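Below are the chains, spelled out letter by letter.
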Amino acid sequence: MAWNHLKKRIQDAVIILGGGGLLFASYLTSTGDEHFYAEHLMPTLQRLLDPESAHRLAVRFTSLGLFPRTSFQDSDMLEVRVLGHRFRNPVGIAAGFDKHAEAVDGLYKMGFGFVEIGSVTPKPQEGNPRPRVFRLPEDQAIINRYGFNSHGLSVVAHRLQARQQTQTKLSQDGLILGINLGKNKTSEDASVDYTEGVRVLGPLADYLVVNVSSPNTAGLRSLQGKAELRHLLIKVLQEREALKGAHKPAVLVKIAPDLTAQDKEDIARVVRELGIDGLIVTNTTVSRPASLQGALRSETGGLSGRPLRDLSTQTIREMYALTQGRVPIIGVGGVGSGQDALEKIRAGASLVQLYTALTYQGPPVVGRVKRELEALLKEQGFSSITEAIGADHRR
């Protein structure tokens, strides 16, 4: 029923576009015109579809390769070696877009240097009641309270196993796969959920993410406390080391932007003490900047997009300093341009991720961010991404 309704709305869109307009739109879609996507196509789709239906459609279209191929060719300047892997470029898709590993190959074709799927919970769960995703177009932002809706470990593992040989070749070619792990809402012992995720999906991942920072699962963020985090991560690392074979995925921790100074110090201490491979900084924020204009700004959930950008970048800066630049950071939050990406890299990120910008600007944003980033690196005298990592701390 829901799919039939969605098809009807798409058909209505075709009628609205009309014959000649549709042909022109098809041409621009195939060629990936950035202005057309950002100013016309994406706003039109948002008027026609509610956010969750649009999300589902975007995943489906991506899985089928129904998007413009980027004309941008990654140069050696954008290559990064970190987390035990070579990344062809430093721009990844953040967790939350492809929650169930349905569109991994399409996302690589879109130009992403790495794809992070999830969050994946051990057992399938529906997540929070709908509506649970809200657009703030005036702010180029999204509020979501999905609540770890997941197909579960078994289904996701089956999908990834079906393309495991393909992924092995892609990873060798610098296109890396991350898997973000979550816990079930009704779970009484979070460590059991996360270690099960490591056991089932670890063999299929280049890196794993322990997500203890989503604001949409009750009690989850309390796992960022010093004692709780240490206990959890010891269990996770033990499970990682118990995996059969030589392949041991990197383990990263994803943290919130809404941490106290003491929280950040504690996390940095635990991460360094245990030898965690990296941090993802940051998840969405529960704060609401006074500058927000969107009518739905008071909805409960995590805020992402442009209003998160500076808070995220500052948290990257602080965590880089607290870990003395020895723990690789993936920076995420409000990346929508090459300038946004470079600011995070200069603050200490080795890699960056985006998601909300894809919602508002469409697939061409990936190539644009990379193109602008490369131009800015040259303009600022850097010969590679690696040279720019943490540059603000050396001034």
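Residues numbered from 1 in each chain as written. Predicted model: local features only at pLDDT ≥ 70, side-chain atom pairs only at ≥ 80, totals over all residues. Heavy atoms only, no water.

A. Just the overall build of the protein, in detail. The number of helices and strands found in the protein is 15 helices and 13 strands. Relative to the 2.2 N^0.38 estimate, which gives 21 Å for 395 residues, the radius of gyration of the protein is 20 Å and therefore close to what a compact globule would have. Reported as C-alpha extents along the three principal axes, the dimensions of the protein are approximately 65 × 50 × 50 Å. On the protein, roughly 16,900 Å² of surface is accessible, and the fraction owed to carbon and sulfur atoms is 52%. The protein carries 48 positive and 41 negative side-chain charges, and their two centres are separated by 3 Å. (Helix = DSSP H or I, 4+ residues; strand = E, 2+ residues; numbered from the N terminus. Rg over C-alpha atoms; globule rule 2.2 N^0.38 Å. Areas by Shrake-Rupley, 256 points an atom, 1.4 Å probe, with all protein chains shown as cover. Lys, Arg positive; Asp, Glu negative; His and termini not counted. Charge placed at Lys NZ, Arg CZ, Asp CG, Glu CD.)

B. Spotlight on the side chain of Ser384. With respect to the helices and strands, the residue Ser384 is situated in the loop between helix H14 (364-379) and helix H15 (385-388). We classify Ser384 as buried; its relative accessible area is 17%. At 3.3 Å, the side chain of Ser384 and the backbone nitrogen of Glu387 are in polar contact. If near-sequence neighbours (up to four positions away) are discounted, Ser384 is found in contact with Met77 and Leu377. (Buried < 20%, exposed > 50% of the residue type's maximum accessible area, 1.4 Å probe, protein only. Polar contact = N/O pair within 3.5 Å; in protein donor to acceptor, adjacent residues only side chain to side chain. Contact = heavy atoms within 4.5 Å.)

C. Representation of the packing of aromatic side chains within the structure. Inspection of the entire model under this criterion finds four aromatic pairs. A centroid spacing of 5.3 Å and a plane angle of 90 degrees characterise the contact between Phe87 and Phe114, whose relative ring orientation is edge-to-face. Of this pair, Phe87 sits in strand S2 (residues 85-87) while Phe114 sits in strand S4 (residues 114-120), placing them 27 residues apart in sequence. Pair check on accessibility: Phe87 and Phe114 agree, each one buried. Each ring, one from Phe97 and one from Tyr355, has its centre 5.8 Å from the other, and the planes form 85 degrees; the classification is edge-to-face. (Phe/Tyr/Trp six-rings, centres within 6.5 Å; stacked < 30°, edge-to-face > 60°.)

D. Structural view of the pattern of salt bridges. Inspection of every chain in the model, using the stated rule, returns 24 salt bridges. Between Glu34 and Arg371 there is a salt bridge; the shortest N-O distance is 2.9 Å. Remark: Arg371 occurs in helix H14 and Glu34 occurs in helix H3 (residues 34-48); sequence separation between them is 337 residues. Under the relative-accessibility criterion, Glu34 is labelled partly exposed at 28%. For the salt bridge of Glu79 with Arg86, the shortest nitrogen-to-oxygen distance reads 3.2 Å. According to the relative accessible area criterion, Arg86 is partly exposed, its value standing at 22%. Here the salt bridges share partners, and the residues they tie into one network are Glu79, Arg81, Arg86, Arg88 and Asp173. (Salt bridge = Lys/Arg side-chain N within 4 Å of Asp/Glu carboxyl O.)

E. Quick peek at unusual backbone geometry. Note that the residue after Gly118, namely Ser119, is joined by a cis bond; omega there is 10 degrees. Mapped onto the elements of the fold, Ser119 is located in strand S4. With an omega dihedral of -5 degrees, the bond running from Arg130 to Pro131 counts as a cis peptide bond. Note on placement: Pro131 falls in the loop between S4 and strand S5 (133-136). Positive phi is not limited to glycine here, since Phe148 has a value of about 55 degrees.

F. Quick peek at H3. Between its first and last C-alpha, H3 extends 20 Å over 15 residues, near the 21 Å set by a 1.5 Å rise per residue. Along H3, the helix axis deviates most sharply at Leu41, where the bend reaches about 30 degrees; the proline Pro43 sits within four residues downstream. Restricting attention to buried positions, one finds in H3 the residues Phe36, Tyr37, Leu41, Met42, Gln46 and Leu48. The distance from a side-chain oxygen at the start of H3 to the backbone nitrogen of His35 is 3.3 Å, and the residue carrying that oxygen is Asp33. (Expected span 1.5 Å × (residues − 1). Bend = angle between axes of the 7 residues up to and from the residue.)

G. Quick peek at the sheet that holds strand S6 (residues 141-144). Strand order in this open sheet of three strands is S5-S6-S11, and the pairing throughout is antiparallel. Where the open sheet ends on each side, the last strands, each with one partner, are S5 and strand S11 (302-305). Within this sheet the neighbouring strands show an average axis-to-axis angle of 25 degrees, counted without direction. (Pairing = 2+ DSSP bridges. Axes fitted to C-alpha atoms, helices over the stretch in contact; angles between N-to-C directions.)

H. Fine view of the nonpolar core. Grouped together as the largest cluster of nonpolar side chains are 98 residues, with contacts concentrated most on Tyr194, Leu201 and Leu279. The greatest single-element share of this core, amounting to six residues, is contributed by H14. Listed in part, the six residues of the second largest apolar core include Phe134, Ala141, Leu292 and Leu303. (Core = buried A, V, L, I, M, F, W, Y, C linked by side-chain atoms within 4.5 Å.)

I. Inspection of the packing of helix H9 (residues 226-242) against helix H10 (residues 261-274) at higher detail. Viewed as axis vectors pointing N to C, H9 and H10 meet at an angle of 25 degrees, and their least axial separation amounts to 10 Å. Classified by the interaxial angle, the pair formed by H9 and H10 is roughly parallel. The element H9 and its partner H10 pack so that their crossing is right-handed. Where H9 abuts H10, its residues Lys226, Leu229, Arg230, Leu233, Ile234 and Leu237 lie against Asp266, Ile267, Arg269, Val270, Glu273 and Leu274. Among the residues forming the contact of H9 with H10, the class breakdown is seven nonpolar, no polar and five charged. (Parallel < 35°, antiparallel > 145°, perpendicular 65-115°, else oblique. Left-handed = near helix turned anticlockwise from the far one by under 90°. Nonpolar A, V, L, I, M, F, W, Y, C, P; charged D, E, K, R; others polar.)

J. H9, seen in detail. Across its 17 residues, H9 extends 24 Å between first and last C-alpha, which sits within 8% of the 24 Å expected from 1.5 Å per residue. Restricting attention to buried positions, one finds in H9 the residues Leu229, Leu232, Leu233, Val236, Leu237 and Arg240. Along the long axis of H9, the arc covered by the buried residues comes to 135 degrees, so they all point the same way. Within H9, the exposed residues directed more than 90 degrees away from the buried face are Ala227 and Ala242. On the buried face of H9, the contacting elements are helix H8 (190-201), strand S8 (207-211), strand S9 (250-255) and H10. (Arc of directions from axis to C-beta.)

K. View of the sheet that holds S8. If you walk around this closed barrel you meet the eight strands as S3-S4-S7-S8-S9-S10-S12-S13, and the pairing is parallel. Taking the axes of each pair of neighbouring strands and ignoring which way they run, one obtains an average angle of 25 degrees across the sheet. Across five bridges, the pairing between S8 and S9 is parallel. Each residue of the ladder has a partner; that of Val209, found in S9, is Leu252. H8 rests against S4, strand S7 (176-181) and S8 of the sheet, and its axis sits at about 150 degrees to S7.

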